[in-house]
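Now for the letters of each chain:
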Amino acid sequence: MEKKTKTPAEEKPAAEETPVTTVEETPVDPVTELTRKYDELNDRYLRLVAEFENYKKRTQRDAENTVRYANEKFARDMLDVLDNFERALKGSDDDLRSGLEQIHKLYTSVLSRNGVEPMNAEGSQFDPNRHEAVAHIPSDSPEGTVIDEAIRGYTMHDKVLRHAKVAVSRGNE
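Residues numbered from 1 in each chain as written. Predicted model: local features only at pLDDT ≥ 70, side-chain atom pairs only at ≥ 80, totals over all residues. Heavy atoms only, no water.

Turning next to the UniProt feature "coiled-coil region" (unreviewed entry) in the protein chain. When the UniProt feature table is mapped onto this chain, "coiled-coil region" (unreviewed entry) is found at residues 31–58. When the span residues 31–58 is considered, its composition is 100% helix and 0% strand, and the gap between its end C-alpha atoms is 40 Å. (UniProt positions renumbered as here; feature names shortened; annotations may be inferred. Helix = DSSP H or I, 4+ residues; strand = E, 2+ residues; numbered from the N terminus.)

What follows is about helix H3 (residues 93–113). An ideal rise of 1.5 Å per residue puts 30 Å on 21 residues; H3 measures up with 30 Å between its terminal C-alpha atoms. Among the residues making up H3, those that are buried are Gly99, Ile103, Val110 and Leu111. In this fold, the buried residues of H3 make contact with helix H2 (72–90) and strand S1 (116–118). Glycine 115 occupies a position one or two residues after H3 and carries a positive phi of about 85°. (Expected span 1.5 Å × (residues − 1). Buried < 20%, exposed > 50% of the residue type's maximum accessible area, 1.4 Å probe, protein only. Contact = heavy atoms within 4.5 Å.)

The next point concerns the side chain of threonine 155. When you line up the elements, threonine 155 lands in strand S4 (residues 154–156). For threonine 155, the contacting residues outside a window of four places in its chain are Gly115, Val116, Glu117, Met119, Arg130, Val160 and Leu161.

Bringing the sheet that holds strand S3 (residues 146–151) into the picture now. Strands pair in a sheet through their backbones, by hydrogen bonds, and they do so in one of two ways: parallel or antiparallel. Ordered in space as S2-S6-S3, the three strands form an open sheet in which the pairing is mixed. What marks the edges here is a single partner per strand, and that holds for strand S2 (131–138) and S3. The sheet shows a mean angle of 30° between the axes of neighbouring strands, direction not considered. The sheet contact formed by S3 and strand S6 (residues 164–171) spans four bridges and is antiparallel. Paired with valine 146 across the strands is valine 168, a residue of S6. (Pairing = 2+ DSSP bridges. Axes fitted to C-alpha atoms, helices over the stretch in contact; angles between N-to-C directions.)

Structure (structure tokens):
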């Protein structure tokens, strides 16, 4: 293989090197630089504080709305019961008893769907966590037994909504 040599015409003259001139940086005053950094950080801090305040207000508003509308489904169900009461009031006396029985059935089913269940107090042992004694009556039942239920009590998901108002046996005297 032959080695090819370049002719002077093929050779390009080297470009003249021009000296690189750098822009001379102006000396930065340390106080000015620190003031600029302080202003940047302070602005960032103020924005974060404002963002956090907006976040707190938004979460508080969401919590208030959650509480305010927590029973919305329950209220809608109760409107059906109200509608049926209004229909029963417009009906004749013959249908009144039948209508009220149907409304009672609907009402208890709405309560049940929402976790509200009646307590069966009569015949059970008196429990101050579930019952409120309104009378203490001598009877043939053992002492401390609920013998009459004046007003039914209700629970909601195992929590007592309303204590049953009951008459409690004193036993034989």
